[in-house]
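Observations on the model geometry
So the chains spell out like this:
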Amino acid sequence: MNLLHPSARVVDAATGERLTPAMIDAAAAEIAGQPIVFLPMPTTVPAVARYLAAWRLEKPVLLLDPDLDHRALIARYTTGEVHPDLALLLTTSGSTGDPKLVRLSRSAMLANAGQVAESLGVTGDDVAITTLPLFYSYGLSVLHSHLLRGATVVLERTGIMQKEFWAAVGEHRVTSLAFVPSQYEMARRLRFDPARYPSVRTLTQAGGRLRTDLVADFAARMDAVGGRMFVMYGQTEAGPRMACLPPERLADRLGSVGRAMPGGTFAIEDGEVVYRGPNVMMGYAETAADLARGDDLAGVLHTGDLGRLDDDGFLFITGRLKRMAKVFGVRINLDDVERHFPVAAVAGDDRLHVFTEDGDVRALRSKIAEWLGTHFTGVDVRMIEALPLLPNGKTDYRALEASL
Amino acid sequence: MTELQRLREAFRTALDLPADEPVDDLRYQDHEKWDSLAHMSLVAAIEDEFSVMIDTDDVINMSSFAEAARILGKYGVDVK
């Protein structure tokens with residue numbers, strides 16, 4: 001099975017440029033000598049051509065944010081020894097200081113593209129539009145699941161707060177929009193009305209927890225026009241999707257992230273969500289030598305999330321084993337933040353809240369956001385006279401969370 | 001504070017800019033801090049500051065400080 005269905009189409013909304021087999025041939029010739037393809041991935045047809053050329057040549061690709069300097073990362077992972085199953089390498093966090101990569105096999109990526117396409121019912125008539133970077137696992141998953149089924153993917157570099165984006169949705173008769181929680185907040189702010197875009201039949205949500213009132217709100221908006229909303233759950237380590245909540249169960253399972261994708265199963269082990277399925281990564285890489293390693297996990301992923309399963313197999317996420325925040329789809333280790341800055345850090349909905357006893361709040365916010373490689377609106381810095389302490393002298397995080 | 005000062009202040013707060021940075025010539029996406037996420041904060045800040053509800057088309061057309069001032073005129077806020 002190939003990732004690229006012969007009738008799949010990729011078109012650039014701004015320039016009209018279309019992906020052709022000749023472009024992939026030309027890109028394949030250019031990368032033929034490289035054991036690993038280090039690929040800065042802007043949302044353009046030539047970048048997609050190069051990515052698909054690497055797939056065809058069965059060469060591993062490391063997808064990179066084109067706006068960042070990755071020389072240190074590339075130097076770290078340059079090697080001629082790579083495992084033959086290795087297809088894709090993705091970074092695990094936005095932190096430029098953390099070089100750890102997720103190793104994904106060709107079969108895991110193909111399996112997950114199929115699982116997502118089946119869960120959403122993607123067909124050759126569907127038209128997706130890019131709403132997220134292609135070097136980010138959710139954005140890439142939209143590309144994969146649509147290419148696999150012979151659908152169309154419209155490449156759009158603006159965002160949902162710009163009129164060019166909505167013009168492209170109308171012009172290309174886009175059927176499916178994929179948003180992370182912050183984009184649902186934007187769509188709410190825009191008073192998104194699916195009746196204005198009658199081609200749009202499907203909304204999907206992933207990239208962190210969306211508050212349930214917004215889930216219900218957007219599900220109702222889609223329901224009113226005969227469309228559908230899917231809540232999904234995943235991690236880059238699972239290529240990336242593990243669960244999907246079908247629209248017809250959304251009302252009676254509000255707050256759940258759904259059931260395991262076809263071919264996958266969940267178990268709760270000591271409170272932790274453990275996923276088993278064909279889409280689980282081979283393992284992490286921290287050095288170039290790790291790229292020669294085979295499958296370390298045998299299809300079992302300990303997610304680090306805490307959760308519970310109901311009798312019908314619906315999963316509810318209740319927390320994290322480690323102190324983590326998820327901001328704009330990127331995981332942030334709260335203890336790491338505290339090691340680098342003189343603050344106490346707690347997680348909010350799609351936001352990192354930090355408390356400091358002294359210093360310049362604005363400057364600190366910029367520094368933390370820059371260090372994390374995240375957007376400054378995802379970081380909230382507050383002054384506090386004295387951090388609340390527990391009797392054992394440790395920071396009282398519950399009290400800090402309660403003060404938000 | 002005049003309407004113009006209030007609008008400048010809303011821009012500085014939403015875009016995380018220093019108090020003395022001039023904002024009257026700002027344009028969407030020309031400034032490194034004014035992207036889609038900041039745009040959402042900006043619209044929220046303007047709506048809160050002037051107690052208005054800005055329409056969808058006006059939100060996506062608000063492409064500069066001058067345009068924001070013009071759009072506010074439609075909602076009865078005279079920025080000058």
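Just above, that's the structure.
A brief structural summary. (Residues numbered from 1 in each chain as written. Chains lettered and ligands numbered in written order. Predicted model: local features only at pLDDT ≥ 70, side-chain atom pairs only at ≥ 80, totals over all residues. Heavy atoms only, no water.)

Some remarks on the overall build of chain B
The cut-off we apply is this: Numbering goes from the N terminus for both helices and strands, where a helix is a DSSP run of H or I of at least four residues and a strand is a run of E of at least two. Whether a residue is buried, partly exposed or exposed follows from its accessible area with a 1.4 Å probe, protein chains only, as a fraction of its type maximum: under 20%, in between, or over 50%, in that order. The contact criterion used is simple: two residues touch if any of their non-hydrogen atoms lie within 4.5 Å. Values of accessible area rely on a 1.4 Å probe in the Shrake-Rupley scheme; residue burial ignores everything except the protein chains shown. In this count, Lys and Arg are taken as positive residues and Asp and Glu as negative ones, while His and the chain termini are left out. The atom standing in for a charge is NZ when the residue is Lys, CZ when it is Arg, CG when it is Asp and CD when it is Glu.
In terms of regular secondary structure, chain B is built from four helices and zero strands. Starting at the N terminus and ending at the C terminus, chain B contains elements arranged as α-α-α-α. The principal-axis extents of the C-alpha atoms in chain B amount to approximately 30 × 30 × 20 Å. Within chain B, the fraction of its 80 residues that count as buried is 54%. Residue pairs at least 24 apart in sequence account for 45% of intrachain contacts in chain B once pairs closer than 6 positions are excluded. With the model as given, the accessible surface of chain B reaches about 3900 Å², and the carbon-plus-sulfur share is 45%. If the 8 positive side-chain charges of chain B are averaged to one point and the 18 negative ones to another, these points end up 5 Å apart.

Some details on helix α7 (residues 181–189) of chain A
Within α7 of chain A, seven of the nine residues are buried, which leaves the element mostly enclosed by the surrounding structure. When we look at burial in α7 of chain A, the residues that qualify are Pro181, Ser182, Gln183, Tyr184, Met186, Ala187 and Arg189 of chain A. Buried residues along α7 of chain A sit against β8 (176–179), β9 (202–205), α8 (212–224) and β10 (228–234) of chain A together with α2 (36–50) of chain B. The positive-phi residue at the C-terminal boundary of α7 of chain A is Arg191 of chain A, with phi of around 50 degrees.

A closer look at unusual backbone geometry
Residue and element names in this part refer to chain A. For the peptide bond that leads from Gly239 to Pro240, omega is -5 degrees, which places it in the cis range. By the secondary structure assignment, Pro240 is in the loop between β10 and β11 (241–245). Phi at Arg191 takes a positive value of approximately 50 degrees, unusual for a residue other than glycine. Within the secondary structure, Arg191 sits in the loop between α7 and β9. Despite not being glycine, Ala298 has its phi angle at roughly 50 degrees, a positive value. Along the chain, Ala298 falls in the loop between β15 (283–285) and β16 (300–309). The exposure class assigned to Ala298 is exposed, which follows from its relative accessible area of 65%.

Quick notes on helix α6 (residues 163–171) of chain A
Note the following rule: In this description, one arc is meant: the one made by directions from the helix axis to the C-beta atoms.
All buried positions along α6 of chain A are accounted for by Phe165, Trp166, Ala168 and Val169 of chain A. An end-on view of α6 of chain A places all buried positions within 155 degrees of arc, on one side of the element. Buried residues belonging to α6 of chain A abut β6 (127–129) and β8 of chain A together with α3 (56–61) of chain B. Of the residues trailing α6 of chain A, Arg173 of chain A is marked for its positive phi of about 50 degrees.

Structural notes on the pairing of strand β21 (residues 351–356) of chain A
Residues and elements named next belong to chain A. Condition: Whether two strands pair comes down to DSSP finding at least two bridges between them. Orient the strands so they point away from the viewer, and a crossover whose first-strand-to-second-strand path over the helix runs clockwise is right-handed.
Counting buried positions over the six residues of β21 gives five, a clear majority of the element. Of the pairings in the sheet, the one linking strand β20 (residues 344–348) to β21 comprises five bridges and is antiparallel in character. The partner of Ala344 across the bridge, within β21, is Phe355. Counting the residues in the hairpin turn of β20 and β21 gives two residues, including Asp350, whose phi is positive at 60 degrees. Examined bridge by bridge, β21 and strand β22 (residues 379–383) share five bridges and lie parallel to one another. Bridge pairing links Thr356 to Met383 in β22. With helix α11 (residues 361–372) bridging β21 and its parallel neighbour β22, the resulting β-α-β unit is right-handed.

Some details on the interface of chain A and chain B
Note the threshold: The buried area of a pairing is the accessible area, by a 1.4 Å probe, that goes missing from both parts when the two are put together, added over both. Salt bridge, as used here, is a side-chain nitrogen of Lys or Arg placed within 4 Å of a carboxyl oxygen of Asp or Glu. Residues adjacent in sequence count toward polar contacts only when both atoms are side-chain atoms; beyond that, a polar contact is any pair of N or O atoms within 3.5 Å, and within protein one must be able to donate a hydrogen and the other to accept it.
Counting residues at the interface gives 19 residues for chain A and 26 residues for chain B. Regarding the contact of chain A and chain B, the summed buried area is about 2000 Å², with carbon and sulfur atoms giving 56% of it. Looking only at chain A, the three residues that lose the most surface to chain B are Met161, Arg189 and Arg191 of chain A, adding up to 30% of its buried area. Put simply, chain A and chain B have three salt bridges between them. Asp16 of chain B serves as the salt-bridge partner of Arg365 of chain A, at 3.1 Å between the closest nitrogen and oxygen. Between chain A and chain B we count eight residue pairs in polar contact (both at pLDDT 80 or more) in total. Within the residue set of the side of chain A that touches chain B, elements represented by two or more residues are α6, α7 and α11 of chain A.

So, empty space enclosed by the protein
Residue and element names in this part refer to chain A. So the rule is basically this: Cavities and pockets are defined on a 1 Å grid built over the protein atoms alone: a cavity is a set of grid points where a 1.4 Å probe fits but cannot escape, while a pocket is an open set with protein on both sides within 12 Å along at least five of seven lines, and lining residues are those with an atom within 4 Å of any such point. Grid points are joined across faces, edges and corners, and a volume is the space filled by probe spheres set on the points. When residue character is reported, Ala, Val, Leu, Ile, Met, Phe, Trp, Tyr, Cys and Pro are called nonpolar, Asp, Glu, Lys and Arg charged, and the others, Gly included, polar.
Within the structure shown, the criterion is met by four cavities of 30 Å³ or more. Reported here for the largest cavity is a volume of approximately 70 Å³. Lining the largest cavity are 14 residues; nearest its centre among them are Leu120, Val142, His146, Ala178 and Thr204. Here the lining of the largest cavity gets five residues from one element, more than from any other, and that element is helix α5 (residues 137–148). Looking at the lining of the largest cavity, its residues break down into eight nonpolar, five polar and one charged. Each pocket or cavity is described by its volume, and for the second largest cavity that value is around 50 Å³. In this structure, the second largest cavity is lined by Ile129, Thr130, Thr131, Leu132, Leu134, Tyr138, Gly139, Val142, Leu143, Val153 and Ala178. No other element matches the four residues that α5 contributes to the lining of the second largest cavity. Each residue belonging to the lining of the second largest cavity can be placed in one class, and the counts come to eight nonpolar, three polar and no charged.

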